[in-house]
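Structural overview for review
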Amino acid sequence: MNLNLKILLLIGSINIYSNDLISSFNNLILNDMEFVQQTNINSKIDESVGKIYRKNNFIQVEILKPSIEKYIIKDNLIEVHDFDFNQISYIDINDQNSSILSILKNGINTNNVKIKSGNTFIIDNMNKSVQVEFKSENEFIISYEDNMNFRNTINLKSTNKQ
């Protein structure tokens, strides 16, 4: 087999594999999930634990620790329930520059993805990149820097019955 054909086959197989990886991610992100988020703030780790539920026409994110909060993402609005202060507020999604929110709502497309290894890829969109690493077929880790330049790592695991 000549060198050009080998290179073409290699590039084609990498592209097919990357599409499979992205397709697997997009299918998995549509599940109900549990998560642990760790945020590195000046060498101190803050941890949040919660669940994500996908309902008919909205996404519900429940924070269980360290405090109880609920976020309902519907259309272009986030409804924020702060149970500690017994308050409900609203955030216009169009005012947010959140790649994580976009991934949660829409999944990802291949245009912004760079494969880093067999189970890890980087999404380059907006101002910062997001790294996704598959731990298993129903668990992955998202790592990114937020708008305050704090490092965040979110371990997400499907709670749907396989």
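Reading guide: rules and limits
Residues numbered from 1 in each chain as written. Predicted model: local features only at pLDDT ≥ 70, side-chain atom pairs only at ≥ 80, totals over all residues. Heavy atoms only, no water. Helix = DSSP H or I, 4+ residues; strand = E, 2+ residues; numbered from the N terminus. Buried < 20%, exposed > 50% of the residue type's maximum accessible area, 1.4 Å probe, protein only. Contact = heavy atoms within 4.5 Å. Areas by Shrake-Rupley, 256 points an atom, 1.4 Å probe, with all protein chains shown as cover. Salt bridge = Lys/Arg side-chain N within 4 Å of Asp/Glu carboxyl O. Pairing = 2+ DSSP bridges. Phe/Tyr/Trp six-rings, centres within 6.5 Å; stacked < 30°, edge-to-face > 60°.

**So, the overall build of the chain**
Helices and strands together make up the secondary structure of the chain, namely two helices and eleven strands. Of the regular secondary structure in the chain, the N- to C-terminal order runs α-β-β-β-β-β-β-α-β-β-β-β-β. Counting every position in the chain, which comprises 162 residues, the buried fraction comes to 34%. When contacts within the chain are restricted to residue pairs at least 6 apart in sequence, those whose partners lie at least 24 apart make up 34%. Approximately 10300 Å² of the chain is accessible, and the part contributed by carbon and sulfur atoms is 49%.

**Examining the pattern of salt bridges**
Using the criterion set out here, one finds two salt bridges in the structure. One salt bridge connects Lys44 with Asp46, and the closest N-O pair in it is separated by 2.7 Å. Of the residues examined, Asp46 reaches a relative accessible area of 31% and is grouped as partly exposed. For Lys135, the salt bridge is made with Glu133, and the minimal N-O distance between the two is 3.7 Å. Taking the relative accessible area as the measure of exposure, Glu133 reaches 24% and is therefore partly exposed.

**Structural notes on the pairing of strand 6 (residues 87–92)**
Pairing geometry for strand 5 (residues 77–82) and strand 6, over six bridges, is antiparallel. Residue Val80 lies in a different strand from strand 6, and its bridge partner there is Ser89. Adjacent in sequence and paired antiparallel, strand 5 and strand 6 are bridged by four residues, among which Asn86 carries a positive phi angle near 55°.

**With respect to unusual backbone geometry**
Put simply, Lys65 and Pro66 share a cis peptide bond, and its omega is 5°. One non-glycine residue, Asp75, adopts positive backbone phi at about 55°. In this fold, Asp75 is placed in the loop between strand 4 (69–74) and strand 5.

**Brief notes about the environment of Phe140**
Turning to its location among the elements, Phe140 is positioned in strand 10 (residues 139–145). A sequence separation of 18 residues divides Phe140 from Ser158, and the C-alpha atoms of the two residues are 9.1 Å apart. Discounting residues that sit within four places of it in the chain, Phe140 has contacts with Phe25, Leu28, Ile29, Met33, Val132, Glu133, Phe134, Lys135, Ile154, Asn155 and Leu156.

**Quick word on the packing of aromatic side chains**
By the definition in use, this model includes three aromatic pairs. The interplanar angle of 70° and the centroid separation of 4.9 Å between the aromatic rings of Phe25 and Phe140 together place this pair among those described as edge-to-face. Taken together, the positions of Phe25 in helix 1 (residues 3–29) and Phe140 in strand 10 put the pair 115 residues apart, joining distant regions of the chain. For Phe140, a relative accessible area of 0% translates into the label buried. Taken together, a centroid distance of 6.2 Å and an interplanar angle of 50° make the contact between Phe134 and Phe140 tilted. We classify Phe134 as buried; its relative accessible area is 10%. Through pairs of rings, three or more aromatic residues link up here, namely Phe25, Phe121, Phe134 and Phe140.

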